[in-house]
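Report on the structure
Read off the chains here:
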Amino acid sequence: MSAIAMSAVIFAAMLTLMFLGLHIAVAMFAVAVVAAAVWIGPAAVHAVGTQIWAATEDPLLLSIPLYILLGELLVRGGSTDKMYGSLSDWFGRMPGGLLHSNIAASAMFSAVSGSSVATAATISTVALPNFRQQGYDPRLVLGSIAAGASLGNLIPPGIAFLIYGAMTNTSAGRLYAAGMVPGLLMALLFLLTIYIIARARPGLTGARPQPLSLRDKLRRSRYLAGPTVIFVVVMGAIYTGWATVTESAAIGVMLAVVFCALYGTLSVGLLHDAFRATMRLTAMSILILSVAFYLNFVLSQLGVAQALSRVVGGMEVSPIVLLWCLAVFYFLLGIFFETLPMLVGTVPILFPIVAAAGIDPILFGVFIVLMTEMSLLSPPVGMTLYVIQAVRGEGSIREVFAGTLPFLAAMILMTAVLIHVPAVALWLPSLMFGR
């Protein structure tokens, strides 16, 4: 059997096991071990321990629990409640009213948490009570929260960038710089979507809040200081070279503890809950990532990367056509699978194809994160949709599905911009780090 046929069998078997309900780590491990035993030999099976150890000793992976802990501290410390109120003061009077606050608050929280699911749960908890009895169409409210949550990994420091960087040996700092402009542009497209809907159907956006004086807005804006300071320090430390990605994450955690103390919420109980949640999420992420590294090892032993590279090189497919084909592939895959399974399950097989086509790995990193974030908005499996419905605790999940459609269209437009204008992602890392 050829290497390409073997890779197709591995990929199909892995997707089938995930579709049947097996955990992504179990599905990947089972497929990798069976493939190693059947097509390589006992030595490849015995290499499991060595490969997993090698995968988990990368210092970059230490930043994953640190960024998770950073988000947990901000949520449990009360920063997000005050941040949402401050942003509502500035965005509430725009056409679309408080819907803009959902996007702005999600973007700001994403800039320090790096988790879409955490963003969805946090903003839902804070925002939904503000919309009750105000005449807003519930579909738009829910859809705007889901859209804002999809910025969680795209706006640095996204955890998905760390995982992609570790799997492909790509600089996390460059990936963070590459995600900055597309993330902000995506947020602006969401705001524009709300503005257009509000202009076309003003009855859907409810009553606007009473205006505040500029003095009151500025006074309440002090609650934006925490997330803003943390983002500037963390990203500034990375971009200036003063600290590594992992070191900057540790600095962010210390700043989060300081702001919890300033808000009067720091306690042993808060730290205990934040540590427990961090350990749970970290264990899940590292387990999946380590198994993905073993699958990478098996595929490399089978010669899959070299075979795929030769095939793509012989086809002479243009990068734009290939990216559009992958966009359709990921859109369909996102209907059935979540972000992390899509990322770790497809990168080992698709990255050699992309490299052979001459696509910049930084550009592909932003592209694949955008595609996996789109999966969070894709009914019927998008994880954030169910998180929002769980926090809501009433009505039908179909309202959440319907509310995401205008924002899903905005993400498709952003995909087109990224494919046809790659400088959107590549300009900033080139400027900051050189070529």
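The following refers to the structure shown. (Residues numbered from 1 in each chain as written. Predicted model: local features only at pLDDT ≥ 70, side-chain atom pairs only at ≥ 80, totals over all residues. Heavy atoms only, no water.)

**A short note on helix H14 (residues 245-262)**
The first and last C-alpha atoms of H14 sit 26 Å apart over 18 residues, in line with the 26 Å expected at 1.5 Å per residue. Of all the positions in H14, only Val245, Thr246, Ser248, Ala249, Gly252, Val253, Ala256, Phe259 and Cys260 are classed as buried. Mapping the buried residues of H14 onto a view down its axis gives an arc of 155°, with all of them on the same face. Turned more than 90 degrees away from the buried face of H14 sit Met254 and Leu262, all of them exposed. Close packing links the buried residues of H14 with helix H5 (63-76), helix H10 (159-168), helix H11 (172-200) and helix H13 (225-240). Immediately downstream of H14, the backbone of Gly264 shows phi near 75°, a positive value. (Helix = DSSP H or I, 4+ residues; strand = E, 2+ residues; numbered from the N terminus. Expected span 1.5 Å × (residues − 1). Buried < 20%, exposed > 50% of the residue type's maximum accessible area, 1.4 Å probe, protein only. Arc of directions from axis to C-beta. Contact = heavy atoms within 4.5 Å.)

**A word on the side chain of Ser248**
Positionally, Ser248 belongs in helix H14. At 3.4 Å, the side chain of Ser248 forms a polar contact with the side chain of Tyr67. Those residues in contact with Ser248 that lie beyond four places of it in its chain are Tyr67, Val234, Ala237, Ile238 and Ala243. (Polar contact = N/O pair within 3.5 Å; in protein donor to acceptor, adjacent residues only side chain to side chain.)

**Some words on H13**
Taking 1.5 Å as the rise per residue, H13 with 16 residues should run 22 Å; its terminal C-alpha atoms sit 21 Å apart, in good agreement. Along H13, the residues that are buried comprise Gly226, Pro227, Ile230, Val234, Met235, Ala237, Ile238 and Tyr239. Once H13 ends, the next one or two residues include Gly241, with phi positive near 80°.

**Here we look at the pattern of salt bridges**
Taken as a whole and assessed by the stated rule, the structure comprises three salt bridges. Here Arg76 and Glu72 are joined by a salt bridge, their closest N and O atoms 2.9 Å apart. Placement of the pair is Arg76 and Glu72 together in helix H5, with a separation of four residues, close to one helical turn. For Glu72, a relative accessible area of 14% gives the class buried. The closest approach of N and O atoms between Glu399 and Arg392, which form a salt bridge, is 2.3 Å. Residue class for Arg392 comes out buried when judged on its relative accessible area of 12%. (Salt bridge = Lys/Arg side-chain N within 4 Å of Asp/Glu carboxyl O.)

**Some thoughts on the packing of aromatic side chains**
In total, this model carries 10 aromatic pairs according to the counting rule given. Centre to centre, the rings of Phe329 and Tyr330 are 5.3 Å apart; their planes meet at 65°, and the pair counts as edge-to-face. Tyr330 gets classed as buried once you look at its relative accessible area, which sits at 1%. With 6.0 Å between their ring centres and 25° between their planes, Phe364 and Phe367 make a pair best called stacked. In this pair, Phe364 and Phe367 are both assigned in helix H19 (residues 361-375), three residues apart and thus about one turn of the helix distant. Comparing Phe364 with Phe367 shows no difference in burial state: the two are buried. Three or more aromatic residues joined by ring pairs make a cluster, and in this case those are Tyr164, Phe351, Phe364 and Phe367. (Phe/Tyr/Trp six-rings, centres within 6.5 Å; stacked < 30°, edge-to-face > 60°.)

**With respect to a nonpolar patch on the surface**
On the surface, Val9, Val34, Val38, Trp39 and Ile40 cluster together into a nonpolar patch covering about 420 Å² of accessible area. In terms of residues, the nonpolar patch owes the most to one element, helix H2 (residues 24-39), which gives three residues. Mapped onto the elements, Val9 comes out in helix H1 (residues 3-19). Take Val9: its relative accessible area is 40%, and that puts it in the partly exposed class. (Patch = residues over 30% accessible without salt bridge, like charges linked within 9 Å, V, L, I, M, F, W, Y side chains within 5 Å. Areas by Shrake-Rupley, 256 points an atom, 1.4 Å probe, with all protein chains shown as cover.)

**Considering the packing of H13 against H14**
Relative orientation of the contacting elements H13 and H14 amounts to 160°, with a least axis distance of 9 Å. By the angle between their directions, the pair H13 and H14 is classed as roughly antiparallel. In this structure, H13 crosses over H14, and the sense of that crossing is right-handed. Seen from H13, the contacting residues are Ala225, Gly226, Val229, Ile230, Val233, Val234, Ala237 and Ile238; seen from H14, they are Val245, Ser248, Ile251, Gly252, Leu255, Ala256 and Phe259. For the contact of H13 with H14, the class distribution of residues is 12 nonpolar, three polar and no charged. (Axes fitted to C-alpha atoms, helices over the stretch in contact; angles between N-to-C directions. Parallel < 35°, antiparallel > 145°, perpendicular 65-115°, else oblique. Left-handed = near helix turned anticlockwise from the far one by under 90°. Nonpolar A, V, L, I, M, F, W, Y, C, P; charged D, E, K, R; others polar.)

**Regarding the packing of helix H8 (residues 116-131) against helix H9 (residues 138-149)**
Two elements in contact, H8 and H9, have axes whose closest approach is 9 Å; the angle formed by their N-to-C orientations is 150°. Considering their axes alone, H8 and H9 lie roughly antiparallel with respect to each other. The chirality of how H8 crosses H9 is right-handed. Contacts between H8 and H9 pair Ser116, Thr119, Ala120, Ile123, Ser124, Ala127, Leu128 and Phe131 from the former with Val141, Leu142, Ile145, Gly148 and Ala149 from the latter. Class assignment of the residues belonging to the contact of H8 with H9 gives a composition of nine nonpolar, four polar and no charged.

**Quick look at the nonpolar core**
Ranked by internal contacts, the top residues of the largest apolar core, which has 152 residues, are Met186 and Phe367. Apart from residues lying up to four places away in sequence, Phe367 is in contact with Leu323, Leu326, Ala327, Tyr330, Thr415, Leu418 and Ile419. (Core = buried A, V, L, I, M, F, W, Y, C linked by side-chain atoms within 4.5 Å.)

**Points about the side chain of Thr404**
Looking at the element boundaries, Thr404 is found in helix H21 (residues 397-420). Only 2.7 Å separates the side chain of Thr404 from the backbone oxygen of Phe401, close enough to count as a polar contact. If we skip the residues at most four places from it in the chain, Thr404 touches Gly143, Ala146, Leu377, Pro379 and Leu385.

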